[in-house]
Amino acid sequence: MQVVTESPQETERLAARLAARLRPGAVVSVSGDLGSGKTTFVRGAARALGVREPVSSPTFTIGHRYEAPVPVAHLDLYRLAGIDPEEWADLEPYFDGTIAFVEWPEHGGEWLPATRAGVTLTHVDEKRRQVSIESGDDLGL
Ligand code: ADP
Ligand code: MG
């Protein structure tokens, strides 16, 4: 599905709708340029999944893990040039029993677990973003 959102709040609401379809173990890739709204999308999904803490960009760490009825992981692989087994050992726990959102998934290469859905955000103008959500299954969105 593809929609154009007109505000960060609208992007968050769309993310919340996707979140309602996810089960423990789900991995969602979130792609797009800097400032396209990836972290905003993850924030909306995390809130909907019961995360109460502020959800901020994990740019200076590889990821955050938030407690919630099903824990939520938020990874940002921007700084990774590639993953070797040692790096994967650091990343793997984020996927254990969580619903995980991964920014810059392309930097994770073949190490990333199979994704339940792929989200791509594109700038339209200052307040509008095209959001595309792809999945092998019908998400009913
Ligand atoms: P990224 O993680 O992709 O770098 P962020 O989510 O951190 O992006 O930042 C997106 C910025 O764009 C925020 O300042 C947000 O308020 C703004 N923005 C404006 N319109 C939208 C929209 N429709 N959807 C999402 N973010 C938007
Ligand atoms: Mg971000």
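Residues numbered from 1 in each chain as written. Chains lettered and ligands numbered in written order. Predicted model: local features only at pLDDT ≥ 70, side-chain atom pairs only at ≥ 80, totals over all residues. Heavy atoms only, no water.

Draft legend 1. View of the sheet that holds strand 6 (residues 117-123). Strand order in the open sheet formed by seven strands is 1-7-6-2-5-4-3, with mixed pairing between adjacent strands. On the outer flanks of this sheet lie strand 1 (2-5) and strand 3 (63-66), each paired with one strand and no other. Strand-to-strand twist in this sheet, taken as the mean axis angle between neighbours without regard to direction, amounts to 15 degrees. As paired elements, strand 3 and strand 4 (residues 72-76) share four bridges and run antiparallel to each other. Bridged to Tyr-66 within strand 4 is Val-72. Contacts from helix 1 (residues 8-19) reach strand 1, strand 2 (27-31), strand 6 and strand 7 (129-134), with the element oriented near 145 degrees to strand 1. (Pairing = 2+ DSSP bridges. Helix = DSSP H or I, 4+ residues; strand = E, 2+ residues; numbered from the N terminus. Axes fitted to C-alpha atoms, helices over the stretch in contact; angles between N-to-C directions. Contact = heavy atoms within 4.5 Å.)

Draft legend 2. The coordination of the magnesium ion (ligand 2), seen in detail. Taken together, Thr-39 (OG1) and Glu-103 (OE) make up the protein donors of the magnesium ion (ligand 2), found 2.2 to 2.4 Å from the metal. Highlighted residues: Thr-39 in helix 2 (residues 38-48) and Glu-103 in strand 5 (residues 99-103), separated in sequence by 64 residues. Residue classification places Glu-103 among the buried positions, given a relative accessible area of 3%. (Donors = N, O, S within 2.8 Å, 3.2 Å for Na, K, Ca; no water. Buried < 20%, exposed > 50% of the residue type's maximum accessible area, 1.4 Å probe, protein only.)

Draft legend 3. Main features of the pattern of salt bridges. Using the criterion set out here, one finds two salt bridges in the structure. A salt bridge links Asp-137 to Arg-116; the shortest N-O distance between them is 2.8 Å. Here Asp-137, found in the segment after strand 7, pairs with Arg-116, found in the loop between strand 5 and strand 6; they are 21 residues apart in sequence, far enough to count as distant. Looking at Asp-137, the relative accessible area reads 45%, which means it is partly exposed. One salt bridge in this structure joins Arg-128 and Asp-125, with 3.0 Å as the shortest N-O distance. (Salt bridge = Lys/Arg side-chain N within 4 Å of Asp/Glu carboxyl O.)

Draft legend 4. The arrangement of unusual backbone geometry in detail. Residues other than glycine seldom take positive phi values, yet Trp-104 does so here, at roughly 55 degrees. Within the secondary structure, Trp-104 sits in the loop between strand 5 and strand 6. Classification of Trp-104 by relative accessible area gives buried; the value is 14%.

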